[in-house]
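# A look at the structure
Chain by chain, the residues:
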Amino acid sequence: MNEQEDIKDIIAENLLRFRTKANLTQAQLAELLNYSDKAVSKWERGESVPDIRVLMQIAGIYNITLDDLVSRPKEKEVKPVLHKRKKQILITLLSFALVWFIATGIFVILCYIPDLEYEYLSFVAAAFVSSIVLTVFSAVWGNRITNAITCSLIVWSLAAMIFTFMYLFTEIGNLWLLFVAACPFEVLIILWFVFRKVK
């Protein structure tokens with residue numbers, strides 16, 4: 001029993017020490033892990049221990065080994081991989097911009113086609129495609145909030161795209177009902193991400 005308490009204390013000490021060396025707040029670490037800062041605080045006080053998957057994530061953030069977190073402290077320089085965050089944001093923004101660059105290219109090409117009235121639809125489609133791109137990157141690198149926002153963007157940009165195309169190319173009335181139909185999907189997204197927070 002003492003040995004279990006001892007390892008708990010060692011992990012708590014190491015979590016606090018490495019976070020301090022990395023100049024991270026509990027809230028910043030919590031966001032990187034997709035946990036609450038209360039959970040991080042409990043870990044650092046030794047009230048609970050993160051599971052092995054989370055410990056491996058933490059070790060990755062501090063650029064250390066799992067052994068460094070569960071062993072007696074050894075002096076080791078901590079180089080947090082926060083620079084990764086900036087690279088991830090840059091890659092996401094470049095991908096987003098690429099979608100709009102392609103849409104602009106298509107728009108310019110369509111402008112040269114005689115008697116074509118709907119060149120601007122390339123931008124309508126780009127809104128939907130870029131929301132998918134943002135969702136993919138958010139799923140890989142983002143957190144719960146960015147995932148919820150980008151999923152919402154997909155729902156509303158898809159509704160707007162369908163509305164625009166149907167308005168232009170069909171005689172169907174009451175197209176505003178498409179946005180009403182999108183509302184339950186938005187509610188489902190909110191509920192999904194709210195209940196996913198419970199760990």
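Structural notes, computed from the coordinates. (Residues numbered from 1 in each chain as written. Predicted model: local features only at pLDDT ≥ 70, side-chain atom pairs only at ≥ 80, totals over all residues. Heavy atoms only, no water.)

### Things to note about the state of the cysteines
In total, this model carries 0 disulfides according to the counting rule given. For the unlinked cysteine Cys151, the closest cysteine sulfur is that of Cys183, found at 16 Å. (Disulfide = S-S within 2.5 Å.)

### Quick word on the environment of Arg19
Counting through the fold element by element, Arg19 comes out in helix 1 (residues 2-21). Put simply, Arg19 and Ile162 are 143 residues apart on the chain and 48 Å apart in space, counted from C-alpha to C-alpha. In contact with Arg19, other than residues within four places in its own chain, are Leu24, Thr25, Gln26, Leu29, Glu44 and Tyr62. Here the side chain of Arg19 touches Glu44 through a polar contact of 2.5 Å, side chain to side chain. (Helix = DSSP H or I, 4+ residues; strand = E, 2+ residues; numbered from the N terminus. Contact = heavy atoms within 4.5 Å. Polar contact = N/O pair within 3.5 Å; in protein donor to acceptor, adjacent residues only side chain to side chain.)

### Some remarks on the packing of aromatic side chains
Under the counting rule described, the total for this entry stands at 11 aromatic pairs. Centroid distance Phe96 to Trp100: 6.4 Å. Interplanar angle 50°. Geometry classified as tilted. Here the residue Phe96 and the residue Trp100 both occupy positions in helix 6 (residues 82-111), the gap between them amounting to 4 residues, near one helical turn. With relative accessibility at 29%, the residue Phe96 sits in the partly exposed group. (Phe/Tyr/Trp six-rings, centres within 6.5 Å; stacked < 30°, edge-to-face > 60°. Buried < 20%, exposed > 50% of the residue type's maximum accessible area, 1.4 Å probe, protein only.)

### Describing the packing of helix 2 (residues 26-33) against helix 4 (residues 52-62)
Packing of helix 2 against helix 4 leaves a shortest axis separation of 10 Å and a crossing angle of 115°. Crossing angle aside, the handedness with which helix 2 passes helix 4 is right-handed. Facing Leu29, Leu32 and Leu33 of helix 2, the residues of helix 4 in contact are Val54, Gln57, Ile58, Ile61 and Tyr62. Its residues assigned to classes, the contact of helix 2 with helix 4 comprises 7 nonpolar, 1 polar and no charged. (Axes fitted to C-alpha atoms, helices over the stretch in contact; angles between N-to-C directions. Left-handed = near helix turned anticlockwise from the far one by under 90°. Nonpolar A, V, L, I, M, F, W, Y, C, P; charged D, E, K, R; others polar.)

### What about unusual backbone geometry?
The phi torsion at Asn34 lies on the positive side, around 65°, for a residue other than glycine. Secondary-structure assignment places Asn34 in the loop between helix 2 and helix 3 (37-45). Overall, the relative accessible area of 26% leaves Asn34 in the partly exposed class. The backbone of Asn63 sits at a positive phi, close to 60°, despite the residue not being glycine. With respect to the element layout, Asn63 can be found in the loop between helix 4 and helix 5 (66-70).

### A few points about the environment of Arg72
Looking at where Arg72 falls in the secondary structure, it is placed in the loop between helix 5 and helix 6. Among all residues touching Arg72, those that are not within four sequence positions of it are Asp6, Ile10 and Glu13.

### Considerations on the pattern of salt bridges
Applying the stated rule across the entire model yields 2 salt bridges. Note that Arg19 is salt-bridged to Glu44, the shortest N-O span being 2.5 Å. Within this pair, whereas Arg19 is found in helix 1, its partner Glu44 is found in helix 3, the two being separated by 25 residues in sequence. The pair formed by Arg19 and Glu44 is uniform in burial state, with each residue classed as buried. (Salt bridge = Lys/Arg side-chain N within 4 Å of Asp/Glu carboxyl O.)

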